[in-house]
Amino acid sequence: MSIADSHDSGHCARARAGCRRPALCSVGWKMSGCRLVLILFLITSLRGSGAIPPHDEVARMARYIVHACDWGSVATISTHPPVTGRPFSNIFSVSDGPLGKGSGQPYLYLTPLEISVQDMEVNAEASLAMSLAETDYCRKQKFDPQSPLCCRVILSGTIMTVNKTEIDFAKESLFSRHPAMPDWPHDHGWYFAKLNITNIWVLDYFGGIKTVTPEEYYSVKPEYEGNLTGGKKS
């Protein structure tokens, strides 16, 4: 046995002992002499003490992604030929609150002139996808945007106009994160809206997508302090 193999064996033993997913560890051992297991074990260890929540704290991860990202892909059902009745995706600037003061509630700044907003006026059902690929996290970790290790959240619900009781917070949330917004054309009928969340999916780590209820999502207390510098764009 070479020195390198001996070194790997010691790490593998520790990796197997610390692995929380025996089935995955077994597959990794057979596929690559435990190197895959070692990589996953190191990732898990780093995640536990790093800037973002551990992958097993699913609701907190969802809140973290929504706050760390300042834009997302919004999917609607198109009302415009030649794709009428088909899924249609578009990019929107989003904010759930000023940095470090996230509410979990995604706010948007919309105009009736926008093609997707016209879809929403007919059918307010929409989905919003956000990913840490938007931040520096996945790039620094060398995670491909499609990899389960590059965390993402998909929120579904209905688009609603913000009422008077929360319009000030919606305005502060969006304008503090998107300082160009106040200068957008004043004759476009801009208004503040939000996604009323009814379903939440989180893909983070292996094992498939996980569901978070809105109650779980809003009840967790995200730990933003000292975190966003590790995930946010510089």
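For the structure itself, consult the block above.
The present account deals with the structure reproduced in this document. (Residues numbered from 1 in each chain as written. Predicted model: local features only at pLDDT ≥ 70, side-chain atom pairs only at ≥ 80, totals over all residues. Heavy atoms only, no water.)

Some details on the environment of Asn199
Now for step 1: Mapped onto the secondary structure, Asn199 falls in strand β6 (residues 191-203).
Now for step 2: Taking relative accessible area as the criterion, Asn199 reaches 23% and is therefore assigned partly exposed.
Now for step 3: In this structure, the C-alpha to C-alpha distance between Asn199 and Ile154, residues 45 residues apart in sequence, is 8.3 Å.
Now for step 4: In contact with Asn199, other than residues within four places in its own chain, are Ile154, Leu155, Ser156 and Thr211. (Helix = DSSP H or I, 4+ residues; strand = E, 2+ residues; numbered from the N terminus. Buried < 20%, exposed > 50% of the residue type's maximum accessible area, 1.4 Å probe, protein only. Contact = heavy atoms within 4.5 Å.)

Things to note about the pattern of salt bridges
Oppositely charged side chains are able to pair whenever their charged atoms sit close together.
Now for step 1: For the coordinates displayed, the defined rule picks out three salt bridges.
Now for step 2: One salt bridge connects Arg60 with Glu57, and the closest N-O pair in it is separated by 2.6 Å.
Now for step 3: When its relative accessible area of 33% is taken as the criterion, Glu57 is described as partly exposed.
Now for step 4: In this structure, Glu166 engages Lys194 in a salt bridge whose closest nitrogen and oxygen atoms are separated by 2.6 Å. Residue Glu166 is located in the loop between β5 (152-161) and α7 (167-177), and its partner Lys194 is located in strand β6; the two are separated by 28 residues in the primary sequence. Taken individually, Glu166 and Lys194 each receive the classification buried, so the pair is uniform in this respect. (Salt bridge = Lys/Arg side-chain N within 4 Å of Asp/Glu carboxyl O.)

Points about the side chain of Ser173
Now for step 1: Structurally, Ser173 is set in helix α7.
Now for step 2: A polar atom in the side chain of Ser173 sits 2.6 Å from the backbone oxygen of Phe169. (Polar contact = N/O pair within 3.5 Å; in protein donor to acceptor, adjacent residues only side chain to side chain.)

Examining unusual backbone geometry
Now for step 1: Across the junction of Pro81 and Pro82, the peptide omega takes the value 5°, indicating a cis bond.
Now for step 2: Tracing the backbone through its elements, the reader meets Pro82 in the loop between β1 (71-77) and β2 (87-93).
Now for step 3: Phi at Lys142 is positive, roughly 60°, even though this residue is not glycine.
Now for step 4: Non-glycine residue Tyr205 carries a positive phi angle of around 80°.
Now for step 5: On the secondary structure map, Tyr205 appears in the loop between β6 and β7 (210-212).
Now for step 6: The exposure class of Tyr205 is buried, given its relative accessible area of 5%.

A word on the side chain of His178
Now for step 1: Along the polypeptide, His178 turns up in the loop between α7 and β6.
Now for step 2: Only 3.1 Å separates the side chain of His178 from the backbone oxygen of Asp70, close enough to count as a polar contact.

Here's the deal with the pairing of β5
Now for step 1: Counting buried residues in β5 gives seven out of 10 residues, a clear majority hidden from the surface.
Now for step 2: With seven bridges connecting them, strand β4 (residues 125-131) and β5 associate as antiparallel partners. Within β5, the position partnered with Ala126 by the bridge is Gly157.
Now for step 3: For β5 and β6, the ladder comprises 10 bridges, and the chain directions are antiparallel. Paired with Ile159 across the two strands is Leu195, which belongs to β6. (Pairing = 2+ DSSP bridges.)

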